[in-house]
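# Fold and geometry: a report
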Amino acid sequence: MSAGTSYIPAPEQEPAELARFREQWKAEVRERQATTSTQTRPVPGASTVAEHAISPARSDASARTATITNTHSASRGPATHVVAGAPTVTTLASHGQTRLSPNLVHAVEIYRKAFIHEQHSQLDQALQLYRQAFRLDANVDRAYFIEEQRIQERSAAQPASHKKGPSTVSLDGVTRDVQKFQVHKDSKDKPIVTSGFLAQVLKNFPENLTFEPEDEKEGLPSINLIPDELLLQILRILDFTTIERFAAVSRKARVLSLDSAIWRDFVHLAYKPPQIADDESITDIMELYNRDYRRAYIEHPRLRLDGVYIAVCHYMRMGSSENAWVNVTHLITYHRYLRFFPNGQVLSLLANEEWEPQTVIPMLKPNLRMKGFYIGNWSLSGSTVYITNLDEKHRSHAHATTEQQPNKYLFQMTLALRSRPLGRWNKLDFIGYDSVNVEDGEAVPLPLKNERSFWFSKVKSWAGY
């Protein structure tokens, strides 16, 4: 016998114990084959369950591998899905359905919503839901895809005449979401009307918005408990600057701040004579902006009444010097102030550099009397401001015995209203400045060489309407 040949004893020379083991092993194999052939025999109208046997020789670690058993119709035959590390799923043979733990069911539903948001390019919402689902169960993605495959196979196995949509909560929720989108699109009475770039941005917003916490690990903020109707009533008593700052907080705040009722109030307060012509109506103005009240309030020209327009002017004046080799030049600075009132009255003040704006602005009232102070009337036509009948109001002398004589000359200004560079309707450019003779009405243009543009400065204590 060579060294590479193993010795195999004859059956009669085998030990009795080895012979018994061989016969027992053969019997187990025949029994297992008979069981398998019986289970794979097709039975009409019944469903079969594939068995997954775990060998005794396998280690404890491999024995922990989860087994997910899938059920099929008799014509398709059994199928077994083994997913390493996946959560345990119990299969009901009588109904062909899976029974998941409540925590895993909730995680799968959140994962399904995240998948739908991702398909609609709503990546921020999808990422948030994905994180929430994986925090509930680390293997939610595997359970989701197995459940989706199970739904598809069960739908394909049903006859076409009796096929019904999967009775899952998620698909019903998707159907409701689609119906909400359609209702919002076809609605005639829209509380939110937007146009331009903002309308394109809102298309990418999800349907159901909430105020999210700054830290994802924290719960939803308590402001979500306040109904939207109550939040809108609070916003309607704020000024537009505060509303826009609130809108910058989140997408939910932005949508709330776009409600037409809020901006309708601002439009009706701001756009009335002399801001618009006597024969012009707000309805005509809104037609120009597709009934977008917020856009009309921002883009339609209007004079700001909650502050003062200030022009800082300079000019050079030659001085005298005792030395012929020295030339003296003086830089003269003066300020022009314009304050507009809702009743069509305007205050104009020309003050030299001795009067600082911090001192002058609190004094700008109709009862002010000083040199360079005028009171007149204003009106707005398009983006052109007309100031007429500027009459100087001198300070009356305490011991004057005669009545003050009226001025022989009045003044008038024509200004262009602009929005530059940041802010709205915050600049006034000179177009014309005339001196009008009261007796014959002759208007004489005054030089504008040293005049500069007016810039708006807001005063918190002054009302805007």
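Check the entry above for the structure.
Worth saying up front: this structure is predicted, and the values here are computed from it rather than measured. (Residues numbered from 1 in each chain as written. Predicted model: local features only at pLDDT ≥ 70, side-chain atom pairs only at ≥ 80, totals over all residues. Heavy atoms only, no water.)

### Here's the deal with the pairing of strand S14 (residues 454-458)
Relative to S14, strand S6 (residues 307-318) runs antiparallel, the two being bridged by four bridges. Directly across from Ile 310, in S14, lies its bridge partner Trp 455. Where strand S12 (residues 427-437) meets S14, two bridges bridge the pair, whose relative direction is antiparallel. Pairing of Lys 427 across the sheet is with Trp 455, part of S14. (Pairing = 2+ DSSP bridges. Helix = DSSP H or I, 4+ residues; strand = E, 2+ residues; numbered from the N terminus.)

### Some remarks on the packing of helix H3 (residues 102-119) against helix H4 (residues 123-136)
Two elements in contact, H3 and H4, have axes whose closest approach is 8 Å; the angle formed by their N-to-C orientations is 165°. Classed by the angle they form, the pair H3 and H4 counts as roughly antiparallel. Judged by the sense of rotation from one axis to the other, the crossing of H3 with H4 is left-handed. Two secondary-structure elements touch here, H3 through Asn 103, His 106, Ala 107, Ile 110, Tyr 111, Lys 113, Ala 114, Phe 115, His 117 and Glu 118 and H4 through Leu 123, Gln 125, Ala 126, Leu 129, Tyr 130, Gln 132, Ala 133, Phe 134 and Leu 136. (Axes fitted to C-alpha atoms, helices over the stretch in contact; angles between N-to-C directions. Parallel < 35°, antiparallel > 145°, perpendicular 65-115°, else oblique. Left-handed = near helix turned anticlockwise from the far one by under 90°. Contact = heavy atoms within 4.5 Å.)

### Some remarks on the pattern of salt bridges
Evaluated as defined, the whole model comprises 16 salt bridges. A salt bridge links Lys 393 to Asp 391; the shortest N-O distance between them is 3.7 Å. According to the relative accessible area criterion, Lys 393 is partly exposed, its value standing at 26%. The shortest N-O distance in the salt bridge between Arg 418 and Asp 429 comes to 2.7 Å. Here Arg 418, found in strand S11 (residues 409-418), pairs with Asp 429, found in strand S12; they are 11 residues apart in sequence, far enough to count as distant. We classify Arg 418 as partly exposed; its relative accessible area is 32%. Put simply, Glu 109, Arg 112 and Glu 148 are held in one network by salt bridges that share partners. (Salt bridge = Lys/Arg side-chain N within 4 Å of Asp/Glu carboxyl O. Buried < 20%, exposed > 50% of the residue type's maximum accessible area, 1.4 Å probe, protein only.)

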